[in-house]
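If you want the building blocks of each chain, they are given just below.
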Amino acid sequence: MKTVLITGGAGFIGANFVHYWMQHYPQDKVVVIDALTYAGNLASLDPVKDQPNFTFVKGNICDTELVEKLLAEHKVDTLVHFAAESHVDRSITGPDEFIETNIIGTYSLLKAAKKVWLDQPAAAGKPPVKHRFHHVSTDEVYGTLSATDPAFTENTAYAPNSPHSASKAASDHLVRAYHHTYGLEVTTSNCSNNYGPYHFPEKLVPVVILNALAGKDIPVYGKGENIRDWLYVEDHADALLTVLAKGEVGRSYNIGGENEAKNIDLVRMICAHLDVMRPKDTPYAKQITFVTDRPGHDMRYAIDPTRIRTELGWRPSVTLEEGLEKTVRWYLDNEDWWRALQSRSGVGDRLGTG
Ligand code: NAD
């Protein structure tokens, strides 16, 4: 039986991970810390909020004392770190929060973990608390690829291009350093673009679904040629459980969906699913509109999953076709969830394409 502290558990991937963990390890205690920024949504945790082994704490990961208190009081042995500012476009217009949460916030968690798991037991003449610190990062730290470049491996040099990816890269380095310098037992994963239920309405997949349903233009950056490797969010959660169970301490793992697609092809696939599930007179693809590209838009990300496949025996189970069908179905069935978010101020005026 474990006690896991999940940071950013009210966000898109964090909430899916909470559900996945609680389904797979119903005996464990799950504590979520989330600051509930614009991207956090308590409603995403509704299915588990009344379970006796679940605790939600509204708090900021930069508050080191609060994190120390949670680690000690709940006897946490596993920390899975999702909390981040995650939207590339927002990092271009306002990098401050990205530096604060992604870099200082990660540093704060590492400091708290070192104190509670290593330093306090050492001062009391006891062995370290058995622990694991897992850091969730992104393939964007590796920069961009041309159409013919080989995919990112764990040995690809870091070359972040946006304030968002630079702040994530910095956090990866801090996590690595806390292992090498202090012996904190860490693992890191760098994953590709996720999609699925509970995805905030300003990211590409929900933007396409919701604009299509509303009869609005479906905006696509440039000519839609940018390529991403799409990972269904439950597959991501499954990969993380595998890394936690079998991953080697101090090692990082790339997680991909083995589903590379151009943005325009992804958008057309979503439109085709909507044509079947919510038919109307004209095909949804007629609403596609090309808009001015994002500055410094990375052309292609692709993951080479050899390490996680060969060392840990993990590979994704959901194809892009299946995952998009499930995702479109989820948005059709969960209108209350996304309508509540759309009515929040500031949402809906941005375009995210990952
Ligand atoms: P998200 O933006 O949906 O959620 C982030 C959550 O963190 C929100 O609930 C927010 O309230 C919380 N948060 C933000 N700042 C905080 C702070 N200072 N203290 C406490 N909580 C705070 O993000 P996501 O898409 O779920 O991404 C989660 C993680 O996965 C991030 O670290 C991101 O870099 C990584 N990742 C995401 C993707 C993707 O496609 N979404 C791909 C690769 C990696």
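Residues numbered from 1 in each chain as written. Predicted model: local features only at pLDDT ≥ 70, side-chain atom pairs only at ≥ 80, totals over all residues. Heavy atoms only, no water.

**Quick look at the overall build of the protein**
Our working rule: Secondary structure follows DSSP: runs of H or I at least 4 residues long count as helices, runs of E at least 2 residues long count as strands, and numbering of each begins at the N terminus. A radius of gyration in this sense is built from C-alpha atoms; the matching globule rule multiplies 2.2 Å by the number of residues raised to 0.38. Categorising residues by exposure relies on relative accessible area from a 1.4 Å probe, with only protein chains included: less than 20% of the type maximum marks a residue as buried, more than 50% marks it as exposed, and the intermediate range marks it as partly exposed. The contact criterion used throughout is that any non-hydrogen atoms of two residues lie within 4.5 Å. Calculation of accessible area relied on Shrake-Rupley with a 1.4 Å probe; when residues are assessed, cover is drawn exclusively from the protein chains displayed. Working convention for charge: Lys and Arg count positive, Asp and Glu count negative, and His plus the chain ends are omitted. To locate a charge, the coordinates of NZ of Lys, CZ of Arg, CG of Asp or CD of Glu are taken.
Along the backbone of the protein there are 11 helices and 13 strands. Scaling as 2.2 N^0.38, a compact globule of 354 residues should have a C-alpha radius of gyration of about 20 Å, and the protein matches this with 20 Å. Taken along the three principal axes of its C-alpha coordinates, the protein extends 75 × 45 × 40 Å. A buried classification covers 56% of the 354 residues belonging to the protein. Considering only intrachain contacts with a sequence separation of at least 6, the fraction spanning at least 24 residues in the protein is 83%. For the protein, the exposed surface amounts to about 14,800 Å²; the carbon and sulfur share of it is 51%. Considering the protein, the positive charge centre built from 36 side chains and the negative charge centre built from 45 side chains are found 2 Å apart.

**Details of the pairing of strand β5 (residues 132–138)**
Here is the rule we go by: The pairing criterion for strands is at least two bridges between them, as found by DSSP. Think of it like this: strands point away, you trace from the first strand over the helix to the second, and a clockwise trace means the crossover is right-handed.
Burial of β5 is extensive: seven of the seven residues sit out of reach of the surface. Residues Arg132, His134, Val136 and Thr138 line one face of β5 and the alternating positions Phe133, His135 and Ser137 line the opposite face, and both faces are buried. In this structure, β5 lies alongside strand β6 (residues 186–191), joined through six bridges in parallel fashion. Looking at β6, one finds that Phe133 is bridged to Val186. Read as a crossover between parallel neighbours, the route from β5 over helix α5 (residues 163–182) to β6 is right-handed.

**Some words on the site of the ligand**
As a reminder, the rule being used: We call a residue near a given molecule or strand whenever any one of its heavy atoms falls within 4 Å of it. N or O atoms closer than or at 3.5 Å make up a polar contact, with two conditions inside protein: a donor-capable atom paired with an acceptor-capable one, and, for residues adjacent in sequence, both atoms drawn from side chains. Using only the protein atoms, space was sampled on a 1 Å grid; points where a 1.4 Å probe fits but cannot get out form cavities, open sets with protein on both sides within 12 Å along at least five of seven lines form pockets, and lining residues are those with an atom within 4 Å of a point. Just a note on the criterion: a molecule sits in a pocket or cavity if more than half of its atoms are within 2 Å of the grid points.
Taken together, 27 residues sit near the ligand, with Ile13, Asp34, Ser86, Lys168 and Asn194 positioned nearest. Ile13 is positioned such that a nitrogen or oxygen atom in its backbone is 2.7 Å from an oxygen atom of the ligand. Phe82 is positioned with one of its backbone polar atoms (N or O) 3.0 Å from an oxygen atom of the ligand. Here the ligand, which alone exposes 830 Å², has 96% of that area covered by the protein. Because more than half of its atoms lie within 2 Å of the grid, the ligand is assigned to the largest pocket. Put simply, the parts of the chain that give the shell around the ligand at least two residues each are α1 (12–24) and β5. Element by element, the count of residues in the shell around the ligand is highest for β5, at three residues.

**Let's talk about the packing of helix α6 (residues 204–214) against helix α10 (residues 320–333)**
Here is the rule: Note on definitions: angles span 0 to 180 degrees between N-to-C directions of axes, and those axes are lines fitted to C-alpha atoms, for helices only across the stretch in contact. By definition in this entry, angles of less than 35 degrees are roughly parallel, angles greater than 145 are roughly antiparallel, angles of 65 to 115 are roughly perpendicular, and the rest are oblique. Handedness of a crossing follows from how the near helix is turned relative to the far one, being left-handed for an anticlockwise turn of less than a right angle and right-handed for a clockwise one.
Remark: α6 packs on α10, axes separated minimally by 11 Å, with the N-to-C direction vectors making an angle of 55 degrees. When the axes of α6 and α10 are compared, the pair comes out oblique. In the packing of α6 onto α10, the handedness of the crossing is right-handed. Touching Val205, Pro206, Ile209, Leu210 and Leu213 of α6 are Leu324, Thr327, Val328, Tyr331 and Leu332, all from α10.

**Overview of the nonpolar core**
Let me state the cut-off plainly: The criterion is simple. A nonpolar core is a set of buried Ala, Val, Leu, Ile, Met, Phe, Trp, Tyr and Cys residues joined through side-chain atoms within 4.5 Å.
With 34 residues, the main nonpolar core has Val205, Trp230, Leu266, Val267, Ile270, Leu320 and Leu324 as its most contacted residues. Those elements that provide at least two residues to this core are α6, β8 (218–221), α8 (263–277), α10 and α11 (335–342). The element that contributes the greatest number of residues to this core is α8, accounting for eight residues. If we ignore the near neighbours within four places in the chain, the residues touching Val205 are Tyr195, Trp230, Leu266, Ile270, Leu324 and Thr327. Residues Val4, Val32, Tyr253 and Ile255 belong to the second largest nonpolar core, which totals 30 residues.

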